[in-house]
Amino acid sequence: MCRWMGWLGQPVLIDELLFKTQHGIVDQSLHSRMGAETTNGDGFGVGWYGAGDGPGVYHSVSPAWSDTNLRELAAHIESPLFLAHVRAAIGSPVQQTNCHPFRRGRWLFVHNGYIADFHLLRRDLMLAIAPDQFADVRGSTDTEVVFHLALTLGLESDPIAALERTVGLIEATAAAHGVAAPVQGTFGISDGTRLWAVRYATEGPARSLFASANVDAIKQLHLENPRLQRLSQGDRLIVSEPFADLPGVWHEIPEATAVCVRHGGALEQRPFVPRVQPHVTVTQRHPAAAFNA
């Protein structure tokens, strides 16, 4: 399907996590252990926050393992917060505009999974996107539509509540079209200061998602590992599947769950509950919940 990762912590060279791990995201593009497909070679993308205004992005339709430009950039870009994604296309074309992360302003968005029978739902869902964002939908993936629906429904005020409203809208639209089990996957969101992630499926098991453990616990468990000893307080990873076979380093995020990571490493968790709000309009703004404060 796809694989993705998010890092929030001390500034690191991106290649430390993309290439220099036992089973990092680039290795997962060839040898995924827990994905729906073993190979995720239909393009990739990296979005990072650094010295510039808003996030930078790099997209390519090349397989992540063979793109020499990615190796060059990753070895020279240092960032305290970035998202990376490798793609396995299941319906939409292999093209740069379909590569994640998707960006609007300071926001980045990635997804692993699918919207079932998206071709039947696409028109209704796209008509629910705010008019001032409609022209910004440049690709043909379900993920980009989900992102702009979430922006329409308040993502910039409260990302998780907006995604709950978005998934609720998709499920209601699917029910009207007779589409069963429409939403599957995991989602990653960032505004440059925080990292949010969701694991959810309408029916059946959701796609895999893990968070790294508290840094103190990792260091205590692996005193002999010099790389882990270089971790700083506040370092945290969210990944589709673990980067290494090390006991105690990874905790599975439960299904139907949202998490938020803040600078300092605090990881907050809450249930993810899709909501149908038929009276919400695209001009409404929703107050941030305590989870987003």
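One can find the structure itself at the top, above this paragraph.
Residues numbered from 1 in each chain as written. Predicted model: local features only at pLDDT ≥ 70, side-chain atom pairs only at ≥ 80, totals over all residues. Heavy atoms only, no water.

Caption draft 1: The overall build of the protein, seen in detail. Secondary structure summary: the protein contains 9 helices and 13 strands in total. C-alpha atoms of the protein, sized along the principal axes, occupy 55 × 40 × 40 Å. Here the protein holds 293 residues, and the buried ones make up 57% of them. A sequence separation of at least 24 residues applies to 69% of the contacts in the protein between residues at least 6 apart. Here the protein has roughly 12100 Å² of accessible surface; of this, 53% comes from carbon and sulfur atoms. Averaged over its 23 positive side-chain charges, the protein has a centre that lies 3 Å from the centre of its 29 negative ones. (Helix = DSSP H or I, 4+ residues; strand = E, 2+ residues; numbered from the N terminus. Buried < 20%, exposed > 50% of the residue type's maximum accessible area, 1.4 Å probe, protein only. Contact = heavy atoms within 4.5 Å. Areas by Shrake-Rupley, 256 points an atom, 1.4 Å probe, with all protein chains shown as cover. Lys, Arg positive; Asp, Glu negative; His and termini not counted. Charge placed at Lys NZ, Arg CZ, Asp CG, Glu CD.)

Caption draft 2: Inspection of the packing of helix α4 (residues 118-127) against helix α6 (residues 142-152) at higher detail. One way to put it is that α4 packs onto α6 with a least axis distance of 11 Å and a crossing angle of 25 degrees. The angle between α4 and α6 falls in the class roughly parallel. The hand of the α4/α6 crossing is left-handed. Contacts from Phe-118, Leu-125 and Met-126 of α4 reach α6 at Asp-142, Val-145 and Leu-149. Residue classes in the contact of α4 with α6 are distributed as 5 nonpolar, no polar and 1 charged. (Axes fitted to C-alpha atoms, helices over the stretch in contact; angles between N-to-C directions. Parallel < 35°, antiparallel > 145°, perpendicular 65-115°, else oblique. Left-handed = near helix turned anticlockwise from the far one by under 90°. Nonpolar A, V, L, I, M, F, W, Y, C, P; charged D, E, K, R; others polar.)

Caption draft 3: Quick look at α4. Among all positions of α4, only Phe-118, Leu-121, Leu-125 and Met-126 are buried. Angular distribution of buried residues about the axis of α4 spans 130 degrees; they occupy a single face of the element. Those residues of α4 that are exposed and angled more than 90 degrees off the buried face are Arg-123 and Leu-127. In this fold, the buried residues of α4 make contact with β6 (107-115), α5 (131-134), α6 and α7 (159-176). (Arc of directions from axis to C-beta.)

Caption draft 4: Expanded view of the sheet that holds strand β1 (residues 2-13). Ordered in space as β3-β2-β4-β1-β10-β9-β11, the 7 strands form an open sheet in which the pairing is antiparallel. Edge positions in the open sheet fall to β3 (56-60) and β11 (250-252), since each of these has one partner strand only. The mean inter-strand angle of the sheet, taken between neighbouring strand axes irrespective of direction, is 15 degrees. Summarising the sheet, β1 and strand β4 (residues 78-87) pair through 9 bridges and their orientation is antiparallel. (Pairing = 2+ DSSP bridges.)

Caption draft 5: Examining the side chain of Ser-190 more closely. Structurally, the position occupied by Ser-190 is in strand β7 (residues 183-190). Engagement of the side chain of Ser-190 in a polar contact is seen with the backbone nitrogen of Gly-192, the distance being 3.1 Å. If near-sequence neighbours (up to four positions away) are discounted, Ser-190 is found in contact with Tyr-49, Leu-81, Leu-83, Arg-106, Trp-107, Leu-108, Leu-195 and Trp-196. (Polar contact = N/O pair within 3.5 Å; in protein donor to acceptor, adjacent residues only side chain to side chain.)

Caption draft 6: Region of interest: unusual backbone geometry. Going from His-100 to Pro-101, the amide bond is cis rather than trans, its omega being -5 degrees. With respect to the helices and strands, the residue Pro-101 is situated in the loop between β4 and β5 (102-104). Even without being glycine, Asp-117 reaches a positive phi, approximately 50 degrees. Mapped onto the elements, Asp-117 comes out in the loop between β6 and α4. What makes Asp-117 partly exposed here is its relative accessible area of 38%.

Caption draft 7: Broad picture of the side chain of His-148. Along the polypeptide, His-148 turns up in helix α6. A relative accessible area of 3% means that His-148 is categorised as buried. What His-148 contacts, discounting residues up to four positions off in sequence, is Arg-104, Ile-129, Gln-133, Asp-136 and Val-137.

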